[in-house]
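Report on the structure
Now for the letters of each chain:
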Amino acid sequence: MTAAPKWNVVAHDGEAVVVVGLTAGFDEVSRIRCTWPEWPAVAETADAATRWVWSDTVRWYPRLLDAGIVLARCQDLRLCHAILRASALVADDAAAPLRAALAWDAPSAEAVTTATPALFDLDAGPGGVPDDLAEVLIELRRQEAAVTSSADPGRLRLLLAAESAGALLAAELHAAGLPWSRPVHEALLEEVLGARPAAGVHAPRVRELADVVRAALGDPAASLDSQPKLLRSLHRVGVLATSTSRWELAEYDHPVIEPLLQYKKLTRLESANGWAWLDEWAADGRFRPVYVPGGVVTGRWASSGGGALQLPRQLRPAVRADPGWVFVVADVAQLEPRVLAAMSGDLALAEAARGRDLYDGILAGGVVSSRAEAKVAMLGAMYGATTGDSGRLLPALRRAYPRAMALVDAAAQTGDDGGVVSTWLGRSSPPSSEGWRGVQDRAGAPDASEADRVRARRSARDRGRFTRNFVVQGTAAEWALAWLADLRGVLAAQPLAPAEPVASASGIVFSQRAHLCFFLHDEIIVHTPVAQAEQVADAVRLAAARAARLMFGDFPIDFPLDLRITADAAKT
DNA sequence: AATACAAGCGCG
DNA sequence: AAAGCGCGCTTGTATT
């Protein structure tokens, strides 16, 4: 009997789907041809330990989820290509073929179908990265060569596995959806905005506030939604603001300010998450944003549709577990500074973080005089603040945590100089753009003007702040992916409970056992039957501990979670 | 009429 | 409160 293949490569071969089993040495040990409708059945019978290799998770996985099939691991060639082609850990001669394979830089099939529906309507095919067997096999070899060319293949393998697990999870989160209570959302809207208005009309509370604002402006016809017009109206009554932003208006003492700020708050809720949003995004009792793994240069996920990255806290009460189910809601306290402590090997910062609120730890060390100061100083260090309270506190932070500060300062200097920085696992920042280098070159020319030099300084500093933050934000994203990947595996290994008697909005596979249903940078929500909630909570904590060890080995850093078990996900 | 951009505000 | 990073979405205005 042949050993299980290391990879199962799935691709198109003409009209057919073909699954090729490969050993670590790229020897073919199996080949199955099937039709697209047969693909789920073939995937289901394959060895569960084998890693699936495919062009783009969005192209292959949703069909399996529809059939109730969840896979353990994959290599998403599109996402891994993006990492490896740019990674400073990959040797130049192994990166060159990846950089030359431009077809693999295409956006995902999902992005293509949503961004250019006109193309998709025709028979032009779905676009995206290559999908036929020969191309896929060649790309897999290129990627393997890139990984083995590295001085530290282990880190890159970890990164590619985490990124690919994220791709699986993103599809699963979309399929499962976030349980969403339409009645709770509607009640909230009615309480704040009044009864649902006809299409194209403002809600009652909004209209009342508009009247109050116009009265205070002494102009019954004042336009409140056009910034230039509103600004002129404000100037007429003596409010000499330079913009209509909330924080600037709040500085002025005038009867129009309070109702105007309230008006802006309500119109924001109405337009961003009002009845129209509810109809479009959560009509079936699940909110299904499209998650975009690797959508941010730092490796964070982006999202498209419904604004999953910006669900206002105000709406959290509408996140409601199914009957008999609860949520395990967990977020990591101060993820980024903890990651910074670990990657810089800063024992003093790790000590401040251990077993407590990190900002309290900094305060306890006598570095600053309040928790608020500790927070603003730490954020300033990671974002590159130079002025204000944050800038003022940086010297104290530098004295107390020299290693951590040296790491972010060095990253900033590298970016300022036009260089590339990398995360802990080897995701590298984009190289400086041609335009950016042009600005720097101009400033260095003998006939450069003062304006040229000022512009160059500014863009260099801008880039420095980006690379400063890149290493921390990107490594935090890696930690989060490691956490998710571990947890996802543990949950998927749980035995299936009997199917719910009532069909779940999440489909059969997610109605039979605990599953992740939301992820946002450093926060997760697991939807679980009540009986398993404690067990799931333990798995969530254990996954965090294992992620820390996987990334940072024995370095003494911990990642405490704020965790609660609740039927409604409102923040406490 | 369609598209690009800026302002503003929501999230981490 | 904003400052210093990263995003998405809506609205109005400017451009074509």
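Residues numbered from 1 in each chain as written. Chains lettered and ligands numbered in written order. Predicted model: local features only at pLDDT ≥ 70, side-chain atom pairs only at ≥ 80, totals over all residues. Heavy atoms only, no water.

1. Things to note about the protein's contact with DNA strand B
- Among the 18 residues in the neighbourhood of DNA strand B, the closest are listed as Thr244, Arg246, Arg268, Leu309 and Asp522.
- Close to the protein, within 4 Å, the atoms of DNA strand B belong to sugar or phosphate groups at a rate of 75%.
- In this structure, Leu309 approaches DNA strand B through a main-chain N or O atom, which is 3.3 Å from a sugar or linking oxygen.
- Among the secondary structure elements, those contributing two or more residues to the surface near DNA strand B are α12 (246-249) and α13 (257-273).
- Partitioned by chemical class, the residues of the surface near DNA strand B number five nonpolar, seven polar and six charged. (Near = heavy atom within 4 Å. Polar contact = N/O pair within 3.5 Å; in protein donor to acceptor, adjacent residues only side chain to side chain. Helix = DSSP H or I, 4+ residues; strand = E, 2+ residues; numbered from the N terminus. Nonpolar A, V, L, I, M, F, W, Y, C, P; charged D, E, K, R; others polar.)

2. What about the confidence of the model for chain A?
- Scored by pLDDT, chain A has a mean of 93; 95% of the residues are at 70 or more.
- Scored below 50 in pLDDT, residues 112-125 shows 11 contacts in the model against residues more than four places distant or in partner chains. (pLDDT = per-residue confidence, 0-100. Contact = heavy atoms within 4.5 Å.)

3. Considerations on empty space enclosed by the protein
- Going through the model one piece at a time under the given rule, you end up with three cavities of 30 Å³ or more.
- By volume, the largest cavity amounts to about 150 Å³.
- What lines the largest cavity is Val70, Leu169, Glu172, Arg488, Leu491, Ala492, Val509, Phe510, Arg513, Ala514, His515 and Leu516.
- Residue assignment for the lining of the largest cavity shows that the elements contributing at least two residues are α8 (153-176), α22 (450-492) and β11 (515-520).
- Across the lining of the largest cavity, the residue classes tally to eight nonpolar, one polar and three charged.
- As a volume, the second largest cavity reaches approximately 50 Å³. (1 Å grid on protein atoms, 1.4 Å probe; cavity = no way out; pocket = protein on both sides within 12 Å on 5 of 7 lines; lining within 4 Å. Points joined across faces, edges and corners; volume = space filled by probe spheres on them.)

4. Remarks on the sheet that holds strand β5 (residues 74-76)
- Overall, mixed pairing links the five strands, which are arranged β3-β2-β1-β4-β5 in an open sheet. Of all strands in the sheet, those bounded by a partner on one side alone are β3 (28-34) and β5. Taking each pair of neighbouring strands and ignoring which way they run, the sheet shows an average axis angle of 20°.
- Strand direction decides the pairing type here: strand β4 (residues 51-54) and β5, joined by three bridges, are parallel. Looking across to β5, one finds that Trp52 is bridged to Cys74.
- On top of the sheet, helix α3 (residues 77-86) reaches β4 and β5; it is set at about 60° to β5, its chief contact.
- Contacts from helix α7 (residues 133-149) reach β1 (7-13), β2 (16-22), β3, β4 and β5, with the element oriented near 145° to β1. (Pairing = 2+ DSSP bridges. Axes fitted to C-alpha atoms, helices over the stretch in contact; angles between N-to-C directions.)

5. Quick look at the side chain of Asn8
- Among the structural elements, Asn8 can be located in strand β1.
- The exposure class assigned to Asn8 is buried, which follows from its relative accessible area of 6%.
- Setting aside residues no more than four positions away along its own chain, Asn8 makes contact with Val19, Val20, Gly21, Ala46, Thr50, Arg51, Trp52 and Val53. (Buried < 20%, exposed > 50% of the residue type's maximum accessible area, 1.4 Å probe, protein only.)

6. With respect to the packing of helix α18 (residues 371-383) against α22
- As a packed pair, α18 and α22 sit with axes 7 Å apart at the nearest point and diverge in direction by 110°. Taken together, α18 and α22 sit at an angle that is classed as roughly perpendicular. Between α18 and α22, the contacting residues are Ala381, Met382 and Tyr383 on the first element and Arg465, Arg468, Asn469 and Val472 on the second. (Parallel < 35°, antiparallel > 145°, perpendicular 65-115°, else oblique.)

7. Comments concerning the state of the cysteines
- In total, this model carries zero disulfides according to the counting rule given.
- We note that Cys74 lacks a disulfide partner, and the nearest cysteine sulfur, in Cys80, lies 7.6 Å from it.
- According to the relative accessible area criterion, Cys74 is buried, its value standing at 1%. (Disulfide = S-S within 2.5 Å.)

8. Structural notes on the pairing of β3
- Pairing of β2 with β3 involves six bridges; the strand directions are antiparallel. Along β3, the bridge assignment pairs Leu22 with Glu28.
- Turn length for the β2-β3 hairpin, with the two strands adjacent in sequence and antiparallel, is five residues, and the turn residue Phe26 shows positive phi of about 65°.

9. Details of the environment of Gly14
- Its place among the elements puts Gly14 in the loop between β1 and β2.
- Here the alpha-carbon distance between Gly14 and Asp132, two residues 118 residues apart in the chain, equals 7.6 Å.

10. Overview of the nonpolar core
- Residues Trp180, Ile362, Trp479 and Trp483 are the most contacted members of the largest nonpolar core, which totals 127 residues.
- No other element matches α22, which puts 12 residues into this core.
- When neighbours within four sequence positions are excluded, Trp479 is seen to be in contact with Val332, Leu335, Val339, Ala544, Ala547, Ala548, Met551, Phe552 and Phe559.
- Formed by 21 residues, the second largest nonpolar core is a distinct cluster that contains Val19, Trp52, Leu65 and Leu71. (Core = buried A, V, L, I, M, F, W, Y, C linked by side-chain atoms within 4.5 Å.)

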